[in-house]
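One letter stands for each residue in the lines below.
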Amino acid sequence: MENNFKMIAKTMYGFEPVLAKELMALGAMDVKEGTRNVSFVGDTGFMYKANLCLRTAIKILKPYQSFKIFSEDDLYKQIYDLPWENFMDVNDTLAIDATVHSDTFTHSKYISLKTKDAIVDRFRDKFGKRPDVDLDFPTLRLNIHIEKNFCNVSFDSSGQSLHKRGYKTATNIAPINEVLAAGMLLLSSWDGQCDFMDPMCGSGTILIEAAMIACNIPPNLNRKEFAFERWKDWDEDLFEKIEASVLKKMREFHFKITGYDTSPSAVHKAIDNIENANLSEFIKVERQDFFASQKEGERHLHMLFNPPYGERLEIDMPKFYKEIGDTLKQSYPGTDAWFITSNLEAIKHVGLRPSRKIKLYNGALESKLLKYQIYQGSKKAKFQD
């Protein structure tokens, strides 16, 4: 058990319970929800697995030291005193991300700079040479989190945010973040046991995340690199074993995943991204106006999409959202339809009552994820069966 250690998985607002559930399903111990994060316990192999497999995590941090600080000099001294030479050499590079919630310390960039100074000064004093900074691909990426007078220093095991899955080469005007897409799918209870549709699919992110959930494919399988691969204790054999074991858990999918978009360029981008993710056999994308479409077949349909909010695309919002409601009502019986929007005024024009409303953020925009249940026949008939 002594090889186990605490880790923190960072996430987006509203996904803490989803991430906790994911961690427990993977076998994490001592799982505790925080605000935009979930802490848990595991070993090095589990850290590799968490980076590969978690759909709603943005970063996996490995806490290193915590201490109280009352001034910038305190921070400098405490950081300087830590044995950084155990984790990197003078010819290596580092990058520091800082988050600050404090009255005493107010500038995260300054905290990053002060931390960097302390580390490179220690190397210069000990070895006569200082490591360089590399913001993109450092040997060691550190996370400094200051809450009031408490400073937590962690190693960032992920590197680039885990939403950068590695399959997306083409995006549209308003692309959706991969972690947001996966989180919405999991909140909507998508499990791959029926047909799926994204009727406004853009560059295909929701479709790809839906297929990966349906087939139980690790979301970060296509990533070029994780930060832990540059650490001194990087164990490639262990990583390959973990990767092989999660790939064995992939499952077959026997339903259809369909995407529509009215823009030819969006359809091309979606097809490219789906090919990059090696999911072409599961997903069909076509140029189609959702408002002129009809549900194919009698089977239950799970729908999730990200319609325009009027933030970046000029659209008559009341008319557009009324058409969403009309199309669902008239053409998509037997469908659970979910969509996210930050245009809370426009929701009133859908003309249907949502059965669920979940508060989320799309970037900085406060949004609602809404569920509309469209019954086969009338709702009244449904309850008389």
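Residues numbered from 1 in each chain as written. Predicted model: local features only at pLDDT ≥ 70, side-chain atom pairs only at ≥ 80, totals over all residues. Heavy atoms only, no water.

- By the naming in an unreviewed UniProt entry, the protein chain goes by DNA methylase and is assigned to Salegentibacter mishustinae.

Section: the overall build of the protein chain
Now for step 1: Looking only at helices and strands, the protein chain has 10 helices and 15 strands in total.
Now for step 2: In terms of C-alpha radius of gyration, the protein chain reaches 23 Å, essentially the compact-globule figure of 21 Å for 385 residues.
Now for step 3: Here the protein chain holds 385 residues, and the buried ones make up 51% of them.
Now for step 4: Counting contacts in the protein chain only where the partners sit at least 6 residues apart, residues at least 24 apart contribute 76% of the total.
Now for step 5: For the protein chain, the computed accessible surface area is about 18600 Å², with 48% contributed by carbon and sulfur atoms.
Now for step 6: Positive and negative side-chain charges of the protein chain, numbering 52 and 54 respectively, have mean locations separated by a distance of 5 Å. (Helix = DSSP H or I, 4+ residues; strand = E, 2+ residues; numbered from the N terminus. Rg over C-alpha atoms; globule rule 2.2 N^0.38 Å. Buried < 20%, exposed > 50% of the residue type's maximum accessible area, 1.4 Å probe, protein only. Contact = heavy atoms within 4.5 Å. Areas by Shrake-Rupley, 256 points an atom, 1.4 Å probe, with all protein chains shown as cover. Lys, Arg positive; Asp, Glu negative; His and termini not counted. Charge placed at Lys NZ, Arg CZ, Asp CG, Glu CD.)

Focus on the packing of aromatic side chains
Now for step 1: In the structure shown here, the tally under the stated rule is 31 aromatic pairs.
Now for step 2: Judged by centre distance (6.4 Å) and plane angle (85 degrees), the rings of Trp-84 and Phe-155 are edge-to-face. Of the two residues, Trp-84 is situated in the loop between helix 3 (72–80) and strand 5 (93–101) and Phe-155 in strand 8 (residues 150–156); the sequence distance between them amounts to 71 residues.
Now for step 3: For Phe-155, a relative accessible area of 6% puts it in the buried group.
Now for step 4: On the basis of an interplanar angle of 65 degrees and a centroid distance of 6.0 Å, the ring pair of Phe-320 and Tyr-321 is categorised as edge-to-face.
Now for step 5: Residue class for Phe-320 comes out buried when judged on its relative accessible area of 14%.
Now for step 6: Taken together, the ring pairs in this structure connect Phe-290, Phe-291, Phe-305, Phe-320, Tyr-321, Tyr-332, Phe-339 and Tyr-372 into an aromatic cluster.
Now for step 7: Above the face of the Phe-5 ring, Lys-62 is positioned so that its terminal group lies 4.2 Å from the ring centre. (Phe/Tyr/Trp six-rings, centres within 6.5 Å; stacked < 30°, edge-to-face > 60°. Lys NZ or Arg CZ within 6 Å of the ring centre and 35° of its normal.)

Section: the domain arrangement of the protein chain
Accessible area lost on assembly of the parts is the figure often given for the size of an interface.
Now for step 1: Taken domain by domain, the protein chain consists of domain 1 (5–156) and domain 2 (178–216 + 251–381).
Now for step 2: With centres defined by C-alpha atoms, the gap from domain 1 to domain 2 works out at 36 Å.
Now for step 3: Listed as interface residues are 11 residues of domain 1 and, on the opposing side, 13 residues of domain 2.
Now for step 4: Counting each side, the surface lost to burial between domain 1 and domain 2 is near 1000 Å², with a carbon and sulfur contribution of 74%.
Now for step 5: By the criterion of area lost to domain 2, the three top residues of domain 1 are Tyr-13, Phe-15 and Arg-55, representing 61% of everything that side buries.
Now for step 6: Between domain 1 and domain 2 we count zero salt bridges in total.
Now for step 7: The interface formed by domain 1 and domain 2 holds one residue pair in polar contact (both at pLDDT 80 or more) in total.
Now for step 8: Classifying every residue of the side of domain 1 that touches domain 2 gives six nonpolar, two polar and three charged. (Domains from an automatic or database assignment. Buried area = accessible area lost by both parts, 1.4 Å probe. Salt bridge = Lys/Arg side-chain N within 4 Å of Asp/Glu carboxyl O. Polar contact = N/O pair within 3.5 Å; in protein donor to acceptor, adjacent residues only side chain to side chain. Nonpolar A, V, L, I, M, F, W, Y, C, P; charged D, E, K, R; others polar.)

Comments concerning the sheet that holds strand 7 (residues 140–147)
Now for step 1: Within the open sheet, the eight strands sit side by side as 2-3-1-4-8-7-5-6. Their pairing is mixed. Both outer strands of the open sheet, strand 2 (29–33) and strand 6 (132–133), are each paired with one neighbouring strand and no more.
Now for step 2: As defined by bridge partners, strand 5 adjoins strand 6 across two bridges and the pair is classed as parallel. Each bridged residue has a counterpart across the sheet, and for Leu-94 the counterpart in strand 6 is Val-133.
Now for step 3: Helix 4 (residues 108–127) rests against strand 5, strand 6 and strand 7 of the sheet, and its axis sits at about 140 degrees to strand 5. (Pairing = 2+ DSSP bridges. Axes fitted to C-alpha atoms, helices over the stretch in contact; angles between N-to-C directions.)

Some remarks on the packing of helix 1 (residues 16–26) against helix 2 (residues 44–53)
Now for step 1: Taken N-terminus to C-terminus, the directions of helix 1 and helix 2 make an angle of 130 degrees; their axes are 11 Å apart at the nearest point. By the angle between their axes, helix 1 is oblique relative to helix 2. Along this stretch, helix 1 crosses helix 2, giving a crossing that reads as right-handed. Contact residues: Glu-22, Leu-23 and Leu-26 in helix 1; Phe-46, Lys-49, Ala-50 and Cys-53 in helix 2. (Parallel < 35°, antiparallel > 145°, perpendicular 65-115°, else oblique. Left-handed = near helix turned anticlockwise from the far one by under 90°.)

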